[in-house]
Structure formats: structure tokens, C-alpha cells
Amino acid sequence: MEGVDHLAHERNKAQFDVAVMKAVWAGSRDAYELFHRFSRLVANDPEMFIPAIKAQATEEQQKQWLPLANKMKIIGSYTQTELGHGSNVRGLETTATFDPKTDEFVLNSPTLTATKWWPGGLGKIATHALAHARLIIDDKDYGVHGFLVQLRSLDDHLTLPGITIGDIGMKYGSGAYNTMDNGSLIFDHVRIPRNQMLMRLSQVTREGKYVPSNVPRQLSYGTMVYVRQKIVFDASIALSRAVCISTRYSAVRRQFGSHNGSPETQVIDYKTQQARLFPLLASAYAIRFVSEWLNSFYKDLLQRLEAKDFSTLPEAHACTAGLKSITTSVAADGIEECRKLCGGHGYLTSSGLPELSAVYIPACTYEGDNVVMLLQVARYLMKTISQLKSGNKPVGTTAYLGRAEQLMQYHSDVLRAEDWLKPNVVVEAFEARAARMSMACAQNLSKFNNPEDGFQELSADLVEAATAHCQLIIVSKFIEKLQQDIPGKGVKEQLGVLRSIYALFLLHKHIGDFLSTDCITPKQGYLANEQLRSLYSQVRPNAIALVDAFNYTDHFLSSVLGRYDGNVYPKLYEEAWKDPLNDTSIPDGFHEYVQPMLKQPLHHGRL
Ligand SMILES: CC/C=C\C/C=C\C/C=C\C/C=C\C/C=C\C/C=C\C=C\C(=O)SCCNC(=O)CCNC(=O)[C@H](O)C(C)(C)COP(=O)(O)OP(=O)(O)OC[C@H]1O[C@@H](n2cnc3c(N)ncnc32)[C@H](O)[C@@H]1OP(=O)(O)O
Ligand SMILES: Cc1cc2nc3c(=O)[nH]c(=O)nc-3n(C[C@H](O)[C@H](O)[C@H](O)COP(=O)(O)OP(=O)(O)OC[C@H]3O[C@@H](n4cnc5c(N)ncnc54)[C@H](O)[C@@H]3O)c2cc1C
């Protein structure tokens, strides 16, 4: 019935102040930014073009180009990936050859695989590209640099001479990502003025002299670091949307369990449903809090870079790469699990989940393939361990590796299930697991004469060690979040339950790591799972309130199953009737193709 809150009985169970939880969830961002982040995905927002100009252009170049880009007088595309290379940036083939006679760069796509491929906005709308190309001077290759290239006329939007552009075609399903014109681009000896090479980091003089960067060359990758830390926040948006839908629907859906005419059981009361759903609810909060920390860490990095302090750049790269990988994988897999948690109706477009999945899952690939990103973390961990011997004391997110010897002797002292509720007990177990996995890799690596051969041979183990390291970061930041003052009745307690669910779910899921590294005993693993089940019972009465705290409107959720009022069945039926197929009772083609078959006389008794 319209206007009736079918979930009121669930909301009345809440044991905490929902208004405060809403503020905790929103953190430093307002609802506008939460919405705007999503809308960027399917619009042609210069998500990277503008940050890249800020990171790589001189002050003078910024003065020239940023006002145009900010006011949409030009529309830019971050044009890096090519048909033949995406992960391997140093393998890009497009060339930018300096012509001293004309003081220009000549951009060219020397091979088919040099074709720029994937850049968002490139296919139809972008007027300019921030093109990544190999700088060539006097036949010498100076590696990949950024160049601003006009692609289309600002008068008639037609492509300029030497420029061939197209859209790369439909992508995964019919998802909203098809509103993004990911494009292809071939340069055929296109000339640009020398001052359109972005020269903040390195320069080319009028005489054609290359002036190398006096700062780490990796700063040219700075835009990717910036977007990766944003993508962690995006992961919390995407996962929380799916969890909101599936939690509300799980409270509405009843199946089996009726006795003597009593209502059937709410599927949210099944322990299997809780064991699948509540870890995702906890993960949404965990990702949100680690994204807050990562954003502050990134802002601190920017301040340090301003002061030419590059000390935290390697850690910032490792954290943004690793957390981008872990959180997007959790969110993408979590959205699919939420679809399954909704049974058949989860597969309807009107559930909002297929669309959410189709739009979100490329996050595991763009801005760095998730495995390639974890390998970057692994390189950082191995380098950190290799420097232990020289007395280099790790700090920040690798500080625990400074206690590796002690952690190698660690054995959990958990005796009772409730011991696993103590944050320090959990952190020690996660630190020991991560340290032992990384130390084991480092030890195995040392057996190889060629470290790179070893790294390749051990790369699967290294990815697991990097995963353990990143999960430790997320667990630690969740714990740190709850050490802050958080007002409101029951809010901190409920977040504490989610913190424990997040950690113990990971421990249970990766129990093999904890046992094989001898961090915990099978009995202690069993006790962790016992505690997890008890925690699910504590979340159950608060589940609806915890997803209400995401503060998503029905419009934003665009899901019949996730409606605030839980009025699912009438709306499901109503939504179905909006389908054009239901405009007529006789389907197109019936009279031409089906009716003749139905009218055909029987032959020899056979249909
Ligand atoms: C319905 C939907 C609902 C909800 C949705 C919710 C939210 C979504 C909403 C919005 C989303 C909005 C936008 C999404 C954002 C983007 C999507 C759109 C566009 C996508 C754009 C792109 O994909 S752009 C292209 C991205 N490409 C990459 O990421 C390439 C990955 N490859 C690399 O980064 C590098 O090649 C490499 C790091 C893998 C290797 O580099 P290389 O130079 O070869 O380096 P190494 O030899 O490995 O290392 C050398 C040393 O340099 C250090 N290093 C490497 N990289 C960095 C870095 N970035 N910063 C600092 N340091 C770095 C490395 O550690 C080595 O250091 P040593 O000390 O060991 O020498
Ligand atoms: C929706 C979407 C939007 C995009 N938007 C843009 C954009 O705006 N601008 C832009 O420039 N690019 C964009 N991209 C491209 C994107 O950045 C690349 O696809 C991404 O970086 C992955 O690179 P790749 O495609 O070369 O994958 P590959 O690296 O070819 O990955 C293929 C497989 O190889 C594995 N692999 C690769 N290298 C290694 C290694 N060293 N060790 C072990 N395994 C390895 C990977 O793990 C993966 O399993 C977009 C891509 C998508 C899907």
C-alpha cells in the first residue's frame, strides 16, 4: 500500500542513533559529492584530464589550459592506453618527435597497436587529448611524456587533419558505461607547438635539449595515484548501494517456515543469508573508513610534494595501488553476491543490481589492473624487507615489518571466542600473517640468482602476501576510526560489531593463511567462527538501520527491491507493466510466424 512503511518494524529495532550514523558514513563529504561521484562515471566528466594538467603542466601552461578545461571551453580526454599496451605504460608506442626546424612535436602512431584505445570521452566528445607518447629527440627515445593535442575543431567539432578517431563500440552488456564514449585515436604526423608538451617535470628547450626531471620520474604517474585513491571511495559507494538493496529486500522477502498459518520466515533470518550479507555490510563501512584515511594520506603527500619531500611517495603508490585493487575486487564481487542474495528478482533490471554490476566491474581493470597493482605492492614490500638488514626502520603502513622477528615468534593467545573481539588481538594476528607471508616470499626470492626471475616465479605468492598486507591496513584503519570520539547512542558499539565482523570474516575466509603461517591454531580458528556467528545475531536487529544510514534516496538506488518503504511486490508488478512488451497482448511476429505453425494440420499423429 502506498505510504505504508513495510520496514517500520525493522527500523523500530535499531539500537543506535541513525542520524549520527548517517553523519559518520558521510564523513567529510556531503551528499552532493556522494551523488556527483556516481554521476561522473556515466557522464564525460574530465575525471583525469584536469588533474593531469595540474600535475604535469607548468604554471604558465596551467594558466593557459585550466580555465578552458574548467569552463568546458575544451573537453579533454586522458589518452594513455593503447591497443597494445595499458598496464605497461613504459611500453606505449605513440611517438612525439621534436622538429627543431619548426619548434614543434610531430605525433605519430607508428603501428596499429599504437592506436590509442579506451580513453573516456575520446570517441565522440573530446576536443583535446592529454596524449601520452614517447619523446624522441635526434632519434633518441626519452620515454613516455604528456602532450596536449587538439583533436577536433572548436567550430564544427570535425576531427583535425592527421587525426582519426572512433568509438571502440559497445561494452559489457547494456550497462550505463555505454554512455561513455571510450574511443580510439590514430595520429598521422600531427604537429603541435613545443609548448604543448607538459613541462612541469621535464623540459625540451628551443634548441632541442632534454632537461630531465629533478624530481622522481614517477610523479608523471601522479594522476593515476590521485584517481586510485578516489576509486577506493567509489568502491564504498558502489558496494553500499548493493548492500542497501539486498538488505532491505532480505527483510521483505519471506520464504518457507510458516507454521499453522504464521507468516513465512524473513530470509534475512536465515544464517546462510546473514553469513553472506553481513560481511558485505561490514565491508562497505570498512572501505568507507579506509578511503577517508587514504584521502588524508594523499592530501599529506601533496603537501610534502609541494615542499619537495618525496619520502612518502613510494608508500602512497603502494597504498593507492593496493587498496584500489582490494576494494574494487571486494565491491565488484560483493555486488554480484548481493544480486544472488535477492534470488530471481535480483536478476531483473528493476532491481538496479545488474546495472550497478555492469557499470562497476571495470573498476577492477581501469586505473590499473588489480593483479598488476598488487604486484606493485609486492615490490614495495620486498624492497622494504630488503632494507631491514641495512637498519632501515619501516614506518607507516609497513611499520609492523620492523617487528618481523618478533612477529615470526607470535602465537595467538586466544582462549575464548570473545577474545577475538579485542582489537589488539585481531591486529596482532593480521600483522603476523602479513609479516610471515612477506618474509616467506623474501626468503624464497633470495634463492634466485636473478631477482626478477624469482619475482616472476613467485608472483602468485607475492600477490597473496600483498593482499594480506592491504587487508591489515583496512582492519587497522577500521580500528583506528573507532578510537576517535563518535557520539550518539549505540553508534560506536554497532560500528564495533561491524569492525569485528569485517576482521573475523577475513580471518575465516583466509584461514589457510593463518594456519599455514602457524599464527593461530585450528581451535582458535574455530573460536573465531563461533564469535562471527554470534556477531551476526547482534547485527540482525540493526541491519535495516545500518543501511538507512547510507542515506540513499530511492531515486539514487533506482531499485524496486531496495525501496525505503519495502513496498516491493506491487512496485515490481507495476514496473514490469512499463515494459514495451506489454503494450500489446499479441506479440509482434505472431501472425506471420507462430500462428501458421499452430494452424498446421497434424501429420501422422505427430505434433
Ligand atoms: C552504477 C555505478 C554505481 C556506483 C559507481 C560508484 C562509483 C563510480 C563513480 C565514479 C568513478 C569515476 C571514475 C572512475 C575512474 C576512472 C575510470 C575511468 C577512466 C579510467 C582511466 C584509466 O584507466 S587511465 C589509464 C590507467 N592506466 C594504468 O593504471 C596503468 C597501470 N600501469 C602503471 O601504473 C605502471 O605501468 C606500473 C606501475 C605498473 C609499472 O610502471 P613502471 O614505470 O614500469 O614502473 P616499475 O618498473 O614497476 O617501477 C619503477 C618504480 O616506480 C615506482 N612507481 C610506479 N608507479 C608509481 C606511481 N604511480 N607513483 C609513484 N611511484 C611509482 C615503483 O614503485 C618503482 O619504484 P622502485 O622504488 O621500486 O624503483
Ligand atoms: C571502462 C574502462 C575505462 C577506461 N578508461 C581509460 C581512460 O580514460 N584512459 C586510458 O588511458 N585508459 C583507460 N582504460 C584502459 C585501462 O587503464 C587499461 O585497460 C588497464 O590499465 C589494464 O591494462 P590492459 O588493458 O593492458 O590489461 P593487461 O595488462 O593486458 O591485462 C591482461 C592480463 O594480463 C595480466 N598482466 C599484465 N601484466 C602482468 C604482469 N606484469 N604480471 C602478471 N600479470 C600481468 C593482468 O593481470 C590481466 O590478467 C579504461 C579501461 C576500461 C575497462
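Definitions and cut-offs
Residues numbered from 1 in each chain as written. Chains lettered and ligands numbered in written order. Predicted model: local features only at pLDDT ≥ 70, side-chain atom pairs only at ≥ 80, totals over all residues. Heavy atoms only, no water. UniProt positions renumbered as here; feature names shortened; annotations may be inferred. Near = heavy atom within 4 Å. Polar contact = N/O pair within 3.5 Å; in protein donor to acceptor, adjacent residues only side chain to side chain. Areas by Shrake-Rupley, 256 points an atom, 1.4 Å probe, with all protein chains shown as cover. Helix = DSSP H or I, 4+ residues; strand = E, 2+ residues; numbered from the N terminus. Nonpolar A, V, L, I, M, F, W, Y, C, P; charged D, E, K, R; others polar. Domains from an automatic or database assignment. Phe/Tyr/Trp six-rings, centres within 6.5 Å; stacked < 30°, edge-to-face > 60°. Buried < 20%, exposed > 50% of the residue type's maximum accessible area, 1.4 Å probe, protein only. Lys NZ or Arg CZ within 6 Å of the ring centre and 35° of its normal. Salt bridge = Lys/Arg side-chain N within 4 Å of Asp/Glu carboxyl O.

As recorded in an unreviewed UniProt entry, the protein goes by Acyl-coenzyme A oxidase and comes from Lupinus angustifolius. Under the UniProt heading Subcellular location (unreviewed entry), the entry covering the protein gives this text: "Peroxisome". As recorded by UniProt, the Sequence similarities (unreviewed entry) comment attached to the protein reads in full: "Belongs to the acyl-CoA oxidase family."

1. Some details on the site of ligand 2
Around ligand 2, the surrounding shell holds 19 residues, and the nearest of these are Tyr78, Thr81, Ser87, Gly120 and Asp369. Here a nitrogen atom of ligand 2 and a backbone polar atom of Tyr78 are 2.9 Å apart. One nitrogen or oxygen atom from the main chain of Gln80 is found 3.2 Å from an oxygen atom belonging to ligand 2. In the complex, 63% of the free accessible area of ligand 2, which totals 960 Å², lies under the protein chains.

2. Looking at the site of ligand 1
Every one of the 35 residues lining ligand 1 counts as a neighbour, but Ser87, Arg90, Gln218, Tyr221 and Lys383 are closest to it. Residue Gln80 places a side-chain N or O atom 3.3 Å away from a nitrogen atom belonging to ligand 1. Contact distances for ligand 1 include 3.1 Å between an oxygen atom and a side-chain N or O atom of Arg217. Summarising the interface, the protein chains cover 84% of the accessible area of ligand 1, which totals 1500 Å² for the free molecule. Within the residue set of the shell around ligand 1, elements represented by two or more residues are α3 (31-42), α6 (222-252), α8 (313-341), α9 (353-360) and α10 (370-386). For the shell around ligand 1, the element with the most residues is α6, which contributes eight residues. For the shell around ligand 1, the per-class residue count stands at 18 nonpolar, eight polar and nine charged. Counting only domains with at least three residues in the shell around ligand 1, you end up with domain 1 (74-215) and domain 2 (222-546).

3. Regarding the packing of aromatic side chains
Inspection of every chain in the model, using the stated rule, returns 16 aromatic pairs. Their ring planes at 70° and their centres at 5.1 Å tell us that Phe105 and Phe147 sit as a pair that is edge-to-face. Taken together, the residues span a long stretch of sequence, with Phe105 in strand β3 (residues 104-108) and Phe147 in strand β6 (residues 140-150) at a distance of 42 residues. The exposure class assigned to Phe105 is buried, which follows from its relative accessible area of 0%. We classify Phe147 as buried; its relative accessible area is 0%. When the centroid spacing of 6.1 Å and the interplanar angle of 55° are considered together, the rings of Tyr573 and Trp577 count as tilted. Taken together, the aromatic side chains of Trp25, Tyr285, Phe289, Phe478, Phe550, Tyr552 and Phe556 make up a single cluster linked through ring pairs. Its end group placed over the ring of Phe556, Arg241 keeps NZ or CZ at 4.9 Å from the ring centre. The ring of Trp25 carries the charged tip of Arg288 above its face, separated from the ring centre by 3.9 Å.

4. As for the pattern of salt bridges
Going through the model one piece at a time under the given rule, you end up with 31 salt bridges. Note that Glu306 and Arg200 form a salt bridge whose closest N and O atoms lie 3.7 Å from each other. Within this pair, whereas Glu306 is found in helix α7 (residues 271-306), its partner Arg200 is found in the loop between β9 (190-193) and β10 (203-204), the two being separated by 106 residues in sequence. What makes Glu306 exposed here is its relative accessible area of 61%.

5. Looking at unusual backbone geometry
A positive phi angle is found at Met72, which is not glycine, with a value near 55°. As for its placement among the helices and strands, Met72 is situated in the loop between α5 (59-70) and β1 (76-79). A relative accessible area of 47% means that Met72 is categorised as partly exposed. The phi torsion at Trp118 lies on the positive side, around 105°, for a residue other than glycine. Inspection of the secondary structure assignment puts Trp118 in the loop between β4 (116-117) and β5 (128-137). Overall, the relative accessible area of 43% leaves Trp118 in the partly exposed class.

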